[in-house]
Amino acid sequence: MFQQRHPLTRYDHYSEFIRRVARGEENVLIAERPSILAVTSGSSSMLLSTRATDTEFFMQGIVVGLHAMLNTFPETQSLQKTAKLFYTPTWQQSEAGIPIGINSSTHNISRHMLNLYSTPAPAFQIPTEPETLYIHLLFALKDPTLGTLEANFASIIYYAFDVLRERWQELVEDIRQGRVNPQLGIAADVREKLDSVLRPDPWRAAELGAQFEKGFQGIARRLWPDLNLVITVDSGSNSLYGDLLKGHCCQGLPFYSPVYAATEGLIGVNLWPGSPERHYLLCPRSMFCEFIPVGSLEELQPQTLLMHQVKEGECYELAVSNAAGLCRYRIGDVVKVIGFHNQCPIVEFRHGQMLNVRGEKTSEEVFYQALQRAVKLWPGAELIDYCCVESGLLGHFSGGSDPHYEVFVELKGVRNLSEDQRYKLDRCLQEDSAVYKSFRLKGSIGPMRVQLVGGGAFRELHSHMLASSSSSPNTFKMHRVLRRNEFAQFIQGKIVS
């Protein structure tokens, strides 16, 4: 009856209601005043969040995930500290005084947990990302018995090691002298508090310096011999960063992605921390889920299935209803049902973004698999980062007359690629996607253009995209398909070959 009476919805169905809530109007969407107006990571739209939804997330997600983690990795029950890479978000207020920001834990919400972290409490008062990261790294390096690395996304940890590679000598010198870098732009009162907990440690500095001199392959285990686990999301758009970390800086360390969540709420929890695959058990008490078969995604009001109706091996887009005003809301995520646990579906995240210049709908997952295969055919190349742009967004700035994909890649180990090498990516995608191949053979889609960008280009794009939105570093995910001309032209300006 619910499915018959209420249509499927998208964000534009709610935007005016949320603006009314922001202005202070009561009894709109929900009966209570929201605890925050939660900013989504992808579009900077706002959704309502309540204390009840926060509690559900903690009890069904965090607590259950921790229980699974402790059972699988009992060594994490020790008193070792965690290096939690977290950046204090900048909060705004609506006209009615409702906080506007990310729907994620902050040090104000989790004060009772600060004693678990290697970073002292005063550091969470630092408002800027580069300075905060430097302090996180300083106090993590200072602790030789560190037990866990943690961040919302693998990209955060990847960029942290990138900065560590650039600034390890400064950090070692700070540990040697027992001080915070005098060149760091932080408030005097915060600096004083941080300096007060530091002492000169020439022995630890020498130990760190010796390890850095050996290079960064497997550096995490060499800096922290007792490191047990990396807790972070390393699936979806973060798969690339997870792969890079596991193959280099964090070689030999287990990774655990405890929850599958969005601004809308908790979707699933990973009960299998020891598995290399990222599978999540859906949480039916957190949000009510419906499933749209992938063959019906273009319909405005497709028929949906319920949990007991989905089939193993099939892919579906999720539509959710929650206690914060969303009813049958299409969140855009596509999942694959890979099994059941006590009749509840177990899913893996498939994709969030698609490339679509002629109706071919190439998923993020399929494209990434083709790119991985192509990189292996480029001798000496290691993929650092990538994104795509549909040629129509660039207009006359895009070469070629037929609609096509513009692919921007940052590589390590090579400075240039021949035209034949670049075309191998197009061939790999044709092999992986019969639909893309059919459009290419008909001439409806032109060959993709592979552009090499300079080293650090994606770090700069990351910073530019953050500065252009109200997203927080804690929730930012690199867009694999750029939809804003501003961002597309920014990365186009970084082309070196």
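The rules we used
Residues numbered from 1 in each chain as written. Predicted model: local features only at pLDDT ≥ 70, side-chain atom pairs only at ≥ 80, totals over all residues. Heavy atoms only, no water. UniProt positions renumbered as here; feature names shortened; annotations may be inferred. Helix = DSSP H or I, 4+ residues; strand = E, 2+ residues; numbered from the N terminus. Axes fitted to C-alpha atoms, helices over the stretch in contact; angles between N-to-C directions. Parallel < 35°, antiparallel > 145°, perpendicular 65-115°, else oblique. Left-handed = near helix turned anticlockwise from the far one by under 90°. Contact = heavy atoms within 4.5 Å. Polar contact = N/O pair within 3.5 Å; in protein donor to acceptor, adjacent residues only side chain to side chain. Pairing = 2+ DSSP bridges. Domains from an automatic or database assignment. Buried area = accessible area lost by both parts, 1.4 Å probe. Salt bridge = Lys/Arg side-chain N within 4 Å of Asp/Glu carboxyl O.

An unreviewed UniProt entry lists the chain under the name GH3 domain-containing protein, with Acipenser ruthenus as the source organism.

Observations regarding the UniProt feature "domain: GH3 middle" (unreviewed entry) in the chain
The positions UniProt marks with the feature "domain: GH3 middle" (unreviewed entry) are residues 280-350. Secondary structure content for residues 280-350 is 0% helix and 51% strand, while the C-alpha to C-alpha distance between its ends is 12 Å.

Looking at the packing of helix α5 (residues 154-177) against helix α14 (residues 457-467)
Packed helix pairs are specified by the crossing angle of their axes together with the interaxial distance, meaning the distance between the axes. Packing of α5 against α14 leaves a shortest axis separation of 12 Å and a crossing angle of 120°. The orientation of α5 with respect to α14, classified from their angle, is oblique. The handedness of the crossing between α5 and α14 is left-handed. Every residue of α14 that contacts α5 at Tyr-159, Asp-162, Val-163 and Glu-166 is listed here: Phe-458, Arg-459 and His-462.

So, the side chain of Arg-422
Take Arg-422: it is sitting in helix α12 (residues 419-432). At 2.7 Å, the side chain of Arg-422 and the side chain of Ser-497 are in polar contact. Once residues within four sequence positions are removed from consideration, Arg-422 is found in contact with Trp-378, Asn-416, Leu-417, Val-450, Gln-451, Leu-452 and Ser-497.

Some details on the sheet that holds strand β3 (residues 82-84)
In spatial order, the strands read β3-β6-β7-β8; together these four strands make up an open sheet with parallel pairing. Each of the sheet's edge strands pairs with one partner strand only, and the pair in question is β3 and β8 (255-256). Sheet analysis places strand β7 (residues 229-233) next to β8, joined by two bridges and oriented parallel. Residue pairing across strands places Ile-231 opposite Tyr-256, the latter belonging to β8. With respect to the sheet, α5 is in contact with β6 (148-153) and β7, its orientation differing from that of β6 by roughly 120°.

Examining the sheet that holds strand β18 (residues 382-390)
Reading across from one edge, β18-β19-β20 is the order of the three strands in this open sheet, with mixed pairing throughout. The sheet is open, and its two borders are formed by β18 and β20 (449-452), each paired with just one other strand. Recorded for the sheet is a direction-independent mean angle of 25° between the axes of neighbouring strands. Each of β18 and β19 (405-412) touches α14; the most contacted strand, β19, lies at about 120° to it.

A look at the domain arrangement of the chain
Taken as a whole, the chain is organised into domain 1 (1-51 + 259-350), domain 2 (74-253) and domain 3 (354-493). If you average the C-alpha positions of domain 2 and of domain 3, the two centres end up 31 Å apart. Listed per partner, the contact involves 24 residues of domain 2 and 20 residues of domain 3. Carbon and sulfur atoms make up 52% of the area that domain 2 and domain 3 hide from each other, which totals about 1800 Å². If you look at where domain 2 meets domain 3, you find two salt bridges.

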